[in-house]
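Chain residues, written in single-letter form:
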Amino acid sequence: QVQLVDSGGGLVQAGGSLRLSCAVSGSTFSIYDIGWYRQAPGKLRELVASISSGAVLNYVDSVKGRFTISRDNSKNTAYLQMNSLKPEDTAVYYCNAGNVGRYYRGAYYPESEYWGQGTQVTVSS
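Quick notes on the rules
- Residues numbered from 1 in each chain as written.
- Predicted model: local features only at pLDDT ≥ 70, side-chain atom pairs only at ≥ 80, totals over all residues.
- Heavy atoms only, no water.
- Helix = DSSP H or I, 4+ residues; strand = E, 2+ residues; numbered from the N terminus.
- Rg over C-alpha atoms; globule rule 2.2 N^0.38 Å.
- Contact = heavy atoms within 4.5 Å.
- Buried < 20%, exposed > 50% of the residue type's maximum accessible area, 1.4 Å probe, protein only.
- Polar contact = N/O pair within 3.5 Å; in protein donor to acceptor, adjacent residues only side chain to side chain.
- Disulfide = S-S within 2.5 Å.
- Core = buried A, V, L, I, M, F, W, Y, C linked by side-chain atoms within 4.5 Å.

**A closer look at the overall build of the protein chain**
Of the regular secondary structure elements, the protein chain holds 0 helices and 13 strands. Counting from the amino terminus, the protein chain carries its helices and strands in the arrangement β-β-β-β-β-β-β-β-β-β-β-β-β. Relative to a compact globule of 125 residues, whose C-alpha radius of gyration would be 14 Å, the protein chain shows 15 Å and is just as compact. In terms of overall dimensions, the protein chain has C-alpha extents of about 50 × 25 × 25 Å along its principal axes. Within the protein chain, contacts between residues at least 6 apart in sequence are counted, and of these 57% link residues at least 24 apart.

Right, dumping it as structure tokens:
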């Protein structure tokens, strides 16, 4: 059973920083593409940043230069470092682990997708 546990959210003033963590258990972390999504009240869930299994990075324009996504395969954990936070960054942040179906070290891992439970980030002005 694959599980993702999101943590690190909280209340911070505008201009402050937070680091979110996504701990993955129950499978081979290295095969997954990791994405951080967020959903604010009344809005659709949006992809904020992603890091592929090959460490290719992507960011939504609104967070470029402020957020950094990373992963530590030895710790089965992904991170989202958020600096210069703004009130509009307020949302529930979710970690997503996705696999399109691939072979890794002689084993085949079928297509799959998992979500963390979410962690609240609130930025006050």
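**Some remarks on the side chain of Asp 89**
Within the fold, Asp 89 resides in the loop between strand E8 (77–82) and strand E9 (91–99). A residue is classified by how much of its surface remains accessible, and Asp 89, at 1% relative accessible area, is buried. A distance of 2.8 Å separates a polar side-chain atom of Asp 89 from the backbone nitrogen of Lys 86. Filtering out sequence-adjacent residues up to four positions away, Asp 89 remains in contact with Arg 38, Arg 66, Phe 67, Ser 84, Val 121 and Val 123.

**Some remarks on the state of the cysteines**
Evaluation of the coordinates by the stated rule reveals 1 disulfide. Each sulfur of the disulfide joining Cys 22 and Cys 95 lies 2.1 Å from the other. The disulfide joining Cys 22 to Cys 95 has a torsion of about -75 degrees about its S-S bond and is therefore left-handed. Placement of Cys 22 in strand E3 (residues 18–25) and of Cys 95 in strand E9 is noted, with a sequence separation of 73 residues between them. When its relative accessible area of 0% is taken as the criterion, Cys 22 is described as buried.

**Description of the nonpolar core**
Ile 34, Trp 36, Phe 67, Leu 80, Met 82 and Tyr 93 are the most contacted members of the largest nonpolar core, which has 28 residues in total. Within the residue set of this core, elements represented by two or more residues are E3, strand E4 (33–39), strand E5 (46–51), strand E7 (67–72), E8, E9 and strand E13 (119–124). Not counting residues up to four positions away in its chain, the partners in contact with Leu 80 are Leu 18, Arg 19, Leu 20, Trp 36, Ala 49, Phe 67, Thr 68, Ile 69 and Tyr 93.

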